[in-house]
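Examining the three-dimensional arrangement
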Amino acid sequence: KLKIKKRKEWFIMKKVTLIPGDGIGYEISESLVEIFKAAKVPVEFETENAGTDVYEKTGELIPESLYESVEKNKIAIKGPITTPIGKGFRSINVYLRKKYDLYTNFRPSRNLPGIETRYKNIELAIFRENTEGIYIGEEKFEDEEKTSAIAIKRITRKGSERIIKSAFEYAKNNKISKVTVVHKANILKYTDGMFLEIAREVAKNYEGIDLEELIIDNMCMQLVTNPERFKVIVTMNLYGDILSDLVAGLVGGLGVAPGANIGDDIAIFEAVHGSAPDIAGQNKANPLALLLSSLEMLKYLNLNDFAQKIENAILKTLESDCKTGDLGGNATTTEFTKKIIENLG
Ligand code: NAI
């Protein structure tokens, strides 16, 4: 008799920089580490922190060792970081995005079981340009009396092309037949006009994927009336910032909103909510946003089976009564984490 040996899957351990952040960042990061350990995910976390707490200990907002770790591992996951006012950075988050040219801000949103909202059947990804637009920080007063101020919005061909391609590639890989580009080209004829023009050019290279064009104000109205009709949205920095929080609100709020900042070389996955100082250290934080971001990270690492396994456990947990306060339950972060681990099977 021939003995058939069962093939064992071997995965090479992947190192990922974990940036817990501050406030509830520690609690939600602990939850993530425990769940990955229980699910035997072949990821080894290298913890490096930035923000207020690090500044108090070391006098640096972002230590050199964090840059080294991110540049070596090329992939990081982070909790919320508070940027103290007047310490040389406008925002640590924005700084990291710029430094590593993480031009794609990816924000997927969908309805989850056990999370009541007014809307059903939402499954939608927003691609927000992350490095230019009105966020370049070029602002000034026009007169000494400071009665008039201006801000510059910069849109480039290169910056527009790459974010629009990211959105189309995602649509192609996920068999989605429409990409919606959001703009205000009727008013901003050069900047938004160019973005829209490039969207039309890029769309020509993707047979079977339609380009839908919507003006930002109409988009807002459509999103609160028929959100289920959108699958992929691509837009400039400011519109994307606003729309992605709007859509997060449609499916249950920032506590359940994952996100990622992706460049050609480096990617940083993140929970998009803040450090929630009102509940920090009280074992009340919902780790879901960070966990859902970690699932996107696993897919990016081609560890889809592990992503699926953890996702199933999360969905099963959400169907039960074991939920954190922000989701209408009374479970602690620890209890919620334990339940997910139990549901890993
Ligand atoms: P926030 O998102 O921290 O809190 C807003 C409300 O949502 C609070 O009531 C909070 O308790 C609740 N909340 C947020 N995340 C939650 C979670 N995971 N589980 C349960 N409840 C949750 O926004 P806020 O208060 O405006 O900002 C606090 C600090 O966070 C600020 O210093 C800000 O700079 C920083 N921040 C950092 C961000 C990042 O690193 N990506 C993003 C937004 C704010």
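The text that follows walks through the structure, step by step, so that each part is easy to find.

**Considering the site of the ligand**
- Around the ligand lies a shell of 17 residues, among which Ile81, Gly274, Ala276, Asp278 and Asn286 are the nearest.
- Taking Gly274, its main chain carries an N or O atom lying 2.7 Å from an oxygen atom of the ligand.
- Here an oxygen atom of the ligand and a backbone polar atom of Ser275 are 2.9 Å apart.
- Protein burial of the ligand: of its 810 Å² of free accessible surface, 62% is covered by the chains.

**Focus on the packing of helix H1 (residues 25-38) against helix H11 (residues 333-342)**
- With their axes 10 Å apart at the nearest point, H1 and H11 run at an angle of 15° to one another. Regarding the angle of H1 to H11, the classification is roughly parallel. As for how H1 packs across H11, the hand of that crossing is right-handed. Counted together, Glu27, Ser31, Glu34, Ile35 and Ala38 of H1 and Thr333, Thr337, Ile340 and Ile341 of H11 form the full contact between these two elements.
- Class assignment for the residues of the contact of H1 with H11 results in 4 nonpolar, 3 polar and 2 charged.

**So, the environment of Ile62**
- One can find Ile62 in the loop between helix H2 (52-58) and helix H3 (64-73).
- As a C-alpha pair, Ile62 and Ala50 span 12 residues in sequence and 4.8 Å in three-dimensional space.
- With residues up to four places along the chain from it excluded, the contact list for Ile62 reads Ala50, Tyr67, Phe89, Ile92, Tyr95 and Leu96.

**A look at empty space enclosed by the protein**
- Evaluated as defined, the whole model comprises 2 cavities of 30 Å³ or more.
- The space that makes up the largest cavity amounts to roughly 50 Å³.
- Along its surface, the largest cavity is lined by Val94, Arg97, Lys98, Arg128, Asn130, Thr131, Glu132, Tyr135 and Asn237.
- Considering each element in turn, the lining of the largest cavity owes the most residues, 3 residues, to helix H4 (residues 92-99).
- Lining the second largest cavity, in full, are Lys78, Asn93, Leu96, Arg97, Leu102, Asn261, Ile268 and Glu270.
- Here the residues of the lining of the second largest cavity are counted per class, giving 3 nonpolar, 2 polar and 3 charged.

What counts as what
Residues numbered from 1 in each chain as written. Predicted model: local features only at pLDDT ≥ 70, side-chain atom pairs only at ≥ 80, totals over all residues. Heavy atoms only, no water. Near = heavy atom within 4 Å. Polar contact = N/O pair within 3.5 Å; in protein donor to acceptor, adjacent residues only side chain to side chain. Areas by Shrake-Rupley, 256 points an atom, 1.4 Å probe, with all protein chains shown as cover. Axes fitted to C-alpha atoms, helices over the stretch in contact; angles between N-to-C directions. Helix = DSSP H or I, 4+ residues; strand = E, 2+ residues; numbered from the N terminus. Parallel < 35°, antiparallel > 145°, perpendicular 65-115°, else oblique. Left-handed = near helix turned anticlockwise from the far one by under 90°. Contact = heavy atoms within 4.5 Å. Nonpolar A, V, L, I, M, F, W, Y, C, P; charged D, E, K, R; others polar. 1 Å grid on protein atoms, 1.4 Å probe; cavity = no way out; pocket = protein on both sides within 12 Å on 5 of 7 lines; lining within 4 Å. Points joined across faces, edges and corners; volume = space filled by probe spheres on them.

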